[in-house]
Amino acid sequence: MLAEVHERDGYPLNRPDRPAEWLTPPSLVAAWVVELDGRIAGHVGLSRSGADDAAPGLWSARTGAGVDETAVVSRLFVAPSARGRGFGALLMAQAVAEARRRGLHPVLDVVASDTAAAALYERLGWQLLDTVEQRWSADQTVTVRCYAAAP
């Protein structure tokens, strides 16, 4: 399913060689899937903030809260055949609820070209913190939009 999402939407921007490792980074604290007709139809993860995440630092600068008081929502995707059923919003709600249960404020970074994802976050009431450039490798700089869940 991740390959199908990548082919259709270009997400993730750099298709992972090892999808299982990409879905379970060391910073991961929880993940959820949604099923449709016995098949996985969507996924989201919740991670501790890392040095490469821009949103936690922006949230910290805006609120005075520590970066360690955030949780990063990541790896959200829904199978093209399962879209339009509210699964993205459902997965986001689960990740937000878990972050709040842990006493953390949910934030996220999204590649600026992923306008469908940004539209979802904004419909759900997430606040745009800033748009920044991130260096993902020696030869790749990416523009990302950084969001925080409404307080």
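Note that this is a predicted model, so its numbers are computed, not measured.

1. Comments concerning helix H1 (residues 2-9)
- Among the residues of H1, Leu 2, Val 5 and His 6 are the ones counted as buried. With its buried residues spanning 100° around the axis, H1 presents them on a single face. Turned more than 90 degrees off the buried face of H1, the exposed positions are Glu 7 and Arg 8.
- On its buried face, H1 sits against helix H2 (19-23) and strand S3 (70-78).
- Positive phi shows up at Gly 10, right after H1, with a value of about 75°.

2. Here's the deal with the confidence of the model for the protein
- Averaged over every residue, the pLDDT of the protein is 95; the share at 70 or more is 100%.
- Looking across the protein, the model is least confident in H1, with a mean pLDDT of 93, and most confident in helix H4 (residues 87-101), with 98.

3. A word on helix H3 (residues 55-63)
- Listed in full, the buried residues belonging to H3 are Ala 55, Pro 56, Trp 59 and Ser 60. In an axial view of H3, the angular spread of the buried residues amounts to 135°, which keeps them on one side of the axis.
- Against the buried residues of H3 lie S3, strand S4 (105-111), strand S5 (127-137) and strand S6 (140-148).
- Positive backbone phi, approximately 85°, marks Gly 64, located one or two places after H3.

4. Regarding the layout of surface pockets
- In this model, the largest pocket occupies a volume close to 1600 Å³.
- As for the largest pocket, its lining consists of 50 residues, of which Tyr 11, Pro 12, Trp 22, Arg 75 and Asp 109 are closest to the centre.
- Of all the elements, S3 adds the most residues to the lining of the largest pocket, at seven residues.
- Each pocket or cavity is described by its volume, and for the second largest pocket that value is around 160 Å³.
- If you go around the second largest pocket, the residues you meet are Met 1, Glu 4, Leu 36, Asp 37, Arg 39, Ile 40, Ala 41, Ala 79, Ser 81 and Ala 82.
- Residue contributions to the lining of the second largest pocket peak at three residues, all from strand S2 (residues 39-48).
- Broken down by class, the residue content of the lining of the second largest pocket amounts to six nonpolar, one polar and three charged.

Conventions used here
Note on numbering: residues in each chain are counted from 1, in written sequence order. In view of the model being predicted, local features appear only for residues whose pLDDT reaches at least 70, and side-chain atom pairs are presented and counted only at 80 or more, with totals across whole chains, interfaces and linings using the full set of residues. To obtain the side-chain values, all non-hydrogen atoms of the structure were used and water was disregarded. For each residue, the accessible area found with a 1.4 Å probe, counting protein chains only, is set against the maximum for its type, and the residue is called buried under 20%, exposed over 50%, and partly exposed in between. Secondary structure elements follow DSSP: runs of H or I no shorter than four residues count as helices, runs of E no shorter than two count as strands, and numbering proceeds from the N terminus. What the arc describes is the spread of directions from the helix axis to the C-beta atoms. The contact definition used throughout considers only heavy atoms, calling two residues in contact when any of these lie within 4.5 Å. Every residue carries a pLDDT, the predictor's confidence in it, which falls somewhere between 0 and 100. Using a grid of 1 Å spacing that covers the protein atoms alone, one calls a set of points a cavity when a 1.4 Å probe fits there but cannot get out, and a pocket when the set is open and has protein on both sides within 12 Å along at least five of seven lines; lining residues are those with an atom within 4 Å of a point. Grid points are joined across faces, edges and corners, and a volume is the space filled by probe spheres set on the points. Three classes are used, and their members are as follows: Ala, Val, Leu, Ile, Met, Phe, Trp, Tyr, Cys and Pro are nonpolar, Asp, Glu, Lys and Arg are charged, and the others, Gly among them, are polar.

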